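Notes for the structure review
So you can see what is in the structure, the chains are spelled out below.
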Amino acid sequence: MLVLSLAACDASSKGEVQSPSDVATSSDSTDAPQTETSQTEETLSETVLVDEAGVKITAKGLDLDGMFGPELKLLVENNSGKDLTFQSRNTSVNGYMVEPMMSVDVVNGKSANDGLTFMSSDLEACGIQTIADMEFSFHIFTTEDLEDYLRTPPIQLKTSAFETYAYTYDDTGSLAYEGNGVRIVIKGLAKDDSIFGPSVVAYIENTSDRDITVQTKDVSVNGFMVDAMFSCDVLSGKHAVDGITFLSSDLEENEITEIENIELSFHIFETTGWDTIVDTDTVSITF
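Residues numbered from 1 in each chain as written. Predicted model: local features only at pLDDT ≥ 70, side-chain atom pairs only at ≥ 80, totals over all residues. Heavy atoms only, no water.

Re the overall build of the chain
To keep things clear, this is the line we draw: Segments assigned H or I by DSSP are reported as helices when at least four residues long, segments assigned E as strands when at least two residues long, and all are numbered from the N terminus. Here, residues are in contact when the closest pair of their heavy atoms is within 4.5 Å. Per-residue accessibility takes into account occlusion by the displayed protein chains alone, with areas from the Shrake-Rupley method and a 1.4 Å probe.
Check the secondary structure of the chain and you find three helices and 23 strands. Sequence separation of 24 or more characterises 65% of the internal contacts of the chain that already satisfy a separation of 6 or more. Within the structure as shown, the chain displays about 13,800 Å² of accessible surface, and the carbon and sulfur contribution to it stands at 45%.

Thoughts on a negative patch on the surface
Keep this limit in mind: What makes a patch is a set of residues exposed beyond 30% relative accessible area and free of salt bridges, joined within 9 Å when like-charged and within 5 Å when nonpolar (Val, Leu, Ile, Met, Phe, Trp, Tyr). Every case where a carboxyl oxygen of Asp or Glu lies within 4 Å of a side-chain nitrogen of Lys or Arg is listed as a salt bridge. Neither His nor the chain ends contribute to the count of charged residues, in which Lys and Arg are positive and Asp and Glu negative. In this description, the location of a charge corresponds to atom NZ of lysine, CZ of arginine, CG of aspartate or CD of glutamate.
On the surface, Asp-83, Asp-105, Glu-144, Asp-145 and Glu-147 cluster together into a negatively charged patch. If you trace the backbone, Glu-144 turns up in the loop between β10 (133–142) and β11 (148–151).

Concerning the pattern of salt bridges
Worth spelling out the cut-off: Type-normalised accessible area, obtained with a 1.4 Å probe on protein chains alone, sets the label of each residue: buried when under 20%, exposed when over 50%, and partly exposed for intermediate values.
Summed over all chains, the structure comprises nine salt bridges. Two residues, Arg-151 and Asp-148, come together in a salt bridge whose shortest N-O distance is 2.9 Å. Look at Arg-151 and you get exposed, because its relative accessible area is 54%. Asp-148 sits in the partly exposed class, given a relative accessible area of 48%. For Glu-178, the salt bridge identified is with Arg-183, shortest N-O distance 3.5 Å. Shared partners join several salt bridges into a network, and the residues in it are Asp-171, Glu-178 and Arg-183.

Some thoughts on the packing of aromatic side chains
Applicable threshold: Any pair of Phe, Tyr and Trp rings, taking the six-membered ring for Trp, is counted once the centres come within 6.5 Å. Such a pair is stacked with planes under 30 degrees apart, edge-to-face with planes over 60 apart, and tilted for the rest.
One pass over the full model with this rule turns up four aromatic pairs. Ring plane angle 70 degrees and centroid distance 5.3 Å describe the contact between Phe-136 and Phe-138, whose orientation is recorded as edge-to-face. On the basis of relative accessible area, Phe-136 is assigned to the buried category, the value being 1%. Summarising the aromatic geometry, the rings of Tyr-165 and Tyr-167 are spaced 4.8 Å apart at their centres and angled 80 degrees between planes, so their arrangement reads as edge-to-face. Residue classification places Tyr-165 among the buried positions, given a relative accessible area of 16%.

Regarding the nonpolar core
How we decide: Residues enter a nonpolar core if they are buried and are Ala, Val, Leu, Ile, Met, Phe, Trp, Tyr or Cys, with the set joined through side-chain atoms within 4.5 Å.
Ranked by internal contacts, the top residues of the largest apolar core, which has 40 residues, are Leu-49, Leu-72, Leu-74, Phe-86 and Phe-138. Look past the residues within four positions of Phe-86 in its chain and what remains in contact with it is Val-55, Ile-57, Val-76, Met-102, Ser-103, Val-104, Val-106, His-139 and Ile-140. If you look at the next biggest cluster of nonpolar residues, it comprises 35 residues, including Val-219, Val-221, Phe-230 and Phe-266.

What to know about the confidence of the model for the chain
Quick reminder of the rule: One number per residue, pLDDT, summarises how confident the predictor is, and it ranges from 0 to 100.
For the chain, the average pLDDT comes to 89, and 87% of its residues sit at 70 or higher. Per-residue pLDDT stays below 50 along residues 1–15; that stretch engages in 35 contacts with residues further than four places along the chain or on separate chains. Note on residues 26–38: pLDDT is under 50 here. Beyond four places in sequence and across chains, it has 29 contacts.

Some points on unusual backbone geometry
Backbone geometry at Asn-90 places phi at a positive 50 degrees, although glycine is not the residue there. Along the chain, the position of Asn-90 falls in strand β6 (residues 84–93). Relative accessible area serves as the criterion here: at 42%, Asn-90 is assigned to the partly exposed category. In the Ramachandran plot, Asp-218 falls in the positive-phi region, its phi being about 50 degrees despite a non-glycine side chain. Considering the arrangement of structural elements, one finds Asp-218 in strand β16 (residues 212–221). Judged by its relative accessible area of 55%, Asp-218 is exposed.

See the structure below:
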């Protein structure tokens, strides 16, 4: 599960991104790119995040030099009477949805020093050089039978950079869909950034009052039907940069050596309850 999650969220992080020459029924964004120009050494004060039901989670600080990326250092204490597993959910950095690494088992009566790691590749894809804030919730469940023990409300942590940070979002590219408080912009084709195959890089913005999930359907490449790896959760008010990934094996089976045209539609639904919001018209992307 972790490998698939990281692969899906690592689009546009490495390699050259080829811009589309045409996206049918859409218009190009005229906004200038909005990215950071400098990086600061942000810090974070020790903060108790959770203290209830026999569990306590304390943020000890922020390590910017982690092996895979910046790491929020956590002290996890379990006095619940049960062996528990702690994971994070619905995580964002500076308003961008990201998939961090965190899963720690803590036996009853014990403590653990662990961390919530933000992949450098995810932050790079979103143009994030400075962490101003983090938002997430904890999903805590019994280790043996996976029964829910505690789901926390959203938690926001602000770093020392928060007060002076300018929140901007790069929505440049070709508009593929806009409606229902959702915008999807095609930013380009990343050919060599995934171990699974090339990816179409998409920017998604959710200004609605609902948490949404965006998936693809009826996908074809150069006229051949293929499966695409793509499922992106975007909380209300958040943004995301994600990749629609095509398996190299599927392209090889159809003797596709160069992606020239992609057709697909987006299936957008409520993350909780799965109620359909919209199935978009077919989007045609030409490279």
